[in-house]
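Coordinates in review
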Amino acid sequence: MANFIDTNINQTVLMDINYLDQLGTNNFDYYLYSLLNKPNFLDDFLGRYKNSAVGRKAYPPELLLRIIFCAYYRGITSSRVIASLCETDLKFMALAVGTKPHFTTIAKFVSKNTKAIQALFHRVLLVCDESDLIGKEHFAIDGCKLPTDASKEWSGTHSELKKKSEKMRARAKRIVAKHLDADSSKNDESGHHKKEKQTIDTLLRNADKIDKFLNDNEKRVGKSRSKKEVQSNITDNESCKMTTSKGTIQGMTCVTAADDKHQIIIEAQAYGMGQEQATLKPMVEKIKNHFDGDVFASGCVLTADTGYCSEANLEFLHSEKITAVIPDNNFRLRDPIYSESESFAKHKEHRQATRKDNKKTRKIFGIDKFAIDFEKKEAVCPNGKTMILTSDHFDTPNGPHLRFRGYLKDCRDCPLNKQCMKNDVKDQGRQISVLIEKQRKTTHLDKMRKVIDSEDGKRLYSKRMHTIEPVFGNICSNKRLDKLTLRGEKKVTAQWQLYCIVHNVEKLWKNAA
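Figured I'd write up the structure that's included with this text. (Residues numbered from 1 in each chain as written. Predicted model: local features only at pLDDT ≥ 70, side-chain atom pairs only at ≥ 80, totals over all residues. Heavy atoms only, no water.)

1. Quick notes on the overall build of the protein chain
Here is the rule: Helical segments are the DSSP runs of H or I of at least four residues, strand segments are the runs of E of at least two, and each set is numbered from the N terminus. It is over C-alpha atoms that the radius of gyration is taken, and the globule rule equals 2.2 Å times the number of residues to the power 0.38. Burial classification: accessible surface area is computed with a 1.4 Å probe over protein chains only, and a residue below 20% of its type maximum counts as buried, one above 50% as exposed, and the rest as partly exposed. Residue contacts follow a heavy-atom distance rule, with two residues in contact if any of their heavy atoms lie within 4.5 Å. Per-residue and other accessible areas were derived by the Shrake-Rupley procedure at a 1.4 Å probe size, with only the shown protein chains allowed to occlude residues.
In terms of regular secondary structure, the protein chain is built from 18 helices and 13 strands. In terms of overall dimensions, the protein chain is more spread out than a globule: its C-alpha atoms have a radius of gyration of 30 Å, far above the 24 Å expected for 513 residues. Expressed as lengths along the three principal axes of its C-alpha atoms, the size of the protein chain is roughly 100 × 85 × 65 Å. Each of the 513 residues in the protein chain was classed as buried or not, and the buried ones make up 42%. Nonlocal contacts in the protein chain, meaning residues at least 24 apart in sequence, comprise 69% of its contacts between residues at least 6 apart. Split by element, the accessible area of the protein chain, about 30000 Å² in all, is 49% carbon and sulfur.

Okay, here's the thing in structure tokens:
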């Protein structure tokens, strides 16, 4: 007969363990523990505590940071789950030294220490610099759009939100009118009427919420030159409704800069805007603040993708004497390697066909299909119709342009309008703007085109991909961050910087421990 070891799991045991032994030695948890225990490393967190004479003892910042960082390292952002792990997981019990912080304590620690977290990010960055993990030869900037704890259903311009409030009140009135018309003396206490009364209360409460928001908040204006109104959001008015390749989200753009030597993150900020052009200047200024002296003065190259390319950004970089490679939208089309590649064309078609935002664009006639007479200031469209001159000196950074517009009746009845108009003809015909070549000005965009089309420019820009993209791959894929759980730019930036600290500490552990 076989004789087995006792496998009864329903028994109580007294375990003789040492918390430090549970962390191990050569792993992320132990390195994080030793890093956070450095003298004066967390002094920026101590200013909030005023309980030296009165009040209960507080959880030390290093304890809370240990469990938060180790949870983020494992892809856990929920404060409730982190609090539960401190009671059930031996590794987290060791990190928490046997204490059981409440989930509200963990959540408030992240949301209330935004400035201290920013200072901690800087301190960890200095440790990376002292460990020779930052090459300071090539920095890359890019953004990652992530949803936050905000509802996109509560987004809209002020006029759209006002209309939504009026619809809610109108629906509540219709339900009330239906009750008045019906004989409700016998059915007032029925479940159906109780449910409709709850619906009325909810509609009126939400309408009051919208009206209060409209009274307390100004219209949000975009960062573009047109200064148009952008959608506000009642749940988080600092977030932005953004269309991505994975669908429409309500969130923020987490703009990040990394060094190419070991992909150390040198700056990270969250911005409540979908367009990234306006984020380049503040990012460059924040990068300079992290290092002694001008880090770009020694020839450090800055690269970014086409989303950051604009005349204003390139002019700023030129004034700061920063060597940068930021291509325009058409740089691939000028490169024979891509423009003549069948696989590139197929991939582009496949990506366009599988976009979740359903954004479809027509291929329309270019300017080369129009006959322009600069002396007579006349234009003829591909269908042979004369166009209206709307401006003979429309000034742009490139120089003055001639602007033409097709007659509405010609464009509406034109057999080529599907090939000529991006959208169906409604209020006006096709418009074109043609540069007067004799008066062309050399812009910073023209200079950047020459740089990106050169062999050196292509070589420098090719480093961007393997500098910044692995950072997002590590945080969003390996660390499983698919949503930021806070609201407001400051709090979301703090949470994003905590994840970036985890990334940098992991690099320190693997390369400098």
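Right, picking up where we left off after that structure.
2. Comments concerning the pattern of salt bridges
Applicable threshold: Here, a salt bridge means any Lys or Arg side-chain nitrogen found within 4 Å of an Asp or Glu carboxyl oxygen.
For the structure on display, the rule yields 28 salt bridges. Across the pair Asp 201 and Lys 197 runs a salt bridge whose closest N-O atoms are separated by 3.6 Å. Of this pair, Asp 201 and Lys 197 both sit in helix α9 (residues 191-216), four residues apart, which is roughly one turn of the helix. What makes Lys 197 exposed here is its relative accessible area of 53%. Put simply, Glu 506 and Lys 510 hold a salt bridge, and the shortest N to O gap is 3.5 Å. Highlighted residues: Glu 506 and Lys 510, both in helix α18 (residues 489-511), separated by four residues, approximately one helical turn. Residue classification places Lys 510 among the exposed residues on the basis of a relative accessible area of 56%. Via salt bridges that share partners, Asp 29, Arg 74 and Lys 91 belong to a single interconnected network.

3. Comments concerning the sheet that holds strand β13 (residues 431-435)
Rules: Two strands qualify as a pair provided that DSSP identifies no fewer than 2 bridges between them. The convention used is that axes are lines fitted to C-alpha atoms, helices contributing only their stretch in contact, and that angles between N-to-C directions extend from 0 to 180 degrees.
Read across the open sheet, the three strands follow the order β11-β12-β13; overall the sheet is antiparallel. At either margin of the open sheet sits one strand with a lone partner, and together these are β11 (388-396) and β13. Each neighbouring strand pair of the sheet contributes to a mean axis angle of 25°, computed without reference to strand direction. Bridge count for strand β12 (residues 399-405) against β13 is five bridges, and the pairing is antiparallel. Across the sheet, residue Arg 405 finds its bridge partner in β13, namely Gln 431.

4. Section: the pairing of strand β4 (residues 240-244)
Regular strands have side chains that alternate between both faces of the sheet. Judged by which residues are buried, β4 turns out to be one-sided: Cys 240, Met 242 and Thr 244 face inward and are buried, whereas Lys 241 and Thr 243, on the alternate face, are not. If you look at the hairpin formed by β4 and strand β5 (residues 247-259), you'll find two residues sitting between the two strands.

5. Structural notes on the packing of helix α4 (residues 79-88) against helix α6 (residues 103-112)
Relative placement of two packed helices is described by the angle separating their axes and the distance separating the axes. The condition is simple: By definition in this entry, angles of less than 35 degrees are roughly parallel, angles greater than 145 are roughly antiparallel, angles of 65 to 115 are roughly perpendicular, and the rest are oblique. A clockwise turn of the near helix away from the far one marks a right-handed crossing, whereas an anticlockwise turn of less than a right angle marks a left-handed crossing. Ten residues, namely Ala, Val, Leu, Ile, Met, Phe, Trp, Tyr, Cys and Pro, are considered nonpolar, four, namely Asp, Glu, Lys and Arg, are considered charged, and the remaining ones, Gly among them, are considered polar.
Their axes nearest at 8 Å, the elements α4 and α6 cross at an angle of 125°. Taken as axis vectors, α4 and α6 run oblique relative to one another. Between α4 and α6 lies a crossing of right-handed hand. Residues Ser 79, Arg 80, Ile 82 and Ala 83 of α4 form the contact with α6, whose participating residues are Phe 103, Ile 106 and Ala 107. Its residues assigned to classes, the contact of α4 with α6 comprises five nonpolar, one polar and one charged.

6. Re the pairing of strand β6 (residues 265-271)
Buried residues dominate β6, accounting for seven of its seven residues. Both β5 and β6 contribute to a ladder of six bridges, which runs antiparallel. Looking at the pairing, Cys 254 lines up with Ala 270 of β6. Linkage of β5 to β6, two consecutive antiparallel strands, is achieved through a turn of five residues, within which Gln 263 is found at a positive phi near 55°.

7. Details of the packing of helix α3 (residues 61-73) against α6
The interhelical angle for the contact between α3 and α6, taken along N-to-C directions, is 90°, at an axis separation of 11 Å. With respect to their mutual orientation, α3 and α6 come out roughly perpendicular. Of the residues in α6, those in contact with Pro 61, Leu 64, Leu 65, Ile 67, Ile 68 and Tyr 72 of α3 are Thr 105, Ile 106, Phe 109 and Val 110. Here the contact of α3 with α6 is composed, by residue class, of nine nonpolar, one polar and no charged.

8. Considering the packing of aromatic side chains
Put simply, the rule reads: Stacked, tilted and edge-to-face are the three classes assigned to paired rings of Phe, Tyr and Trp, where Trp is represented by its six-membered ring and a pair needs centres within 6.5 Å; plane angles under 30 degrees give stacked, over 60 edge-to-face, the rest tilted.
Scanning the entire structure with this criterion turns up nine aromatic pairs. Ring centres of Phe 139 and Phe 291 lie 6.3 Å apart, and the angle between their planes is 15°; on these two criteria the pair is classed as stacked. Of this pair, Phe 139 sits in strand β1 (residues 138-147) while Phe 291 sits in the loop between α10 (280-290) and β7 (301-304), placing them 152 residues apart in sequence. By relative accessible area, which is 0% here, Phe 139 ends up buried. On the basis of relative accessible area, Phe 291 is assigned to the buried category, the value being 7%. When the centroid spacing of 5.8 Å and the interplanar angle of 80° are considered together, the rings of Phe 139 and Phe 296 count as edge-to-face. In this pair, Phe 139 sits in strand β1 while Phe 296 sits in the loop between α10 and β7, placing the two residues 157 residues apart along the sequence.

Everything listed here is a matter of geometry and, on its own, says nothing about what the molecule does.
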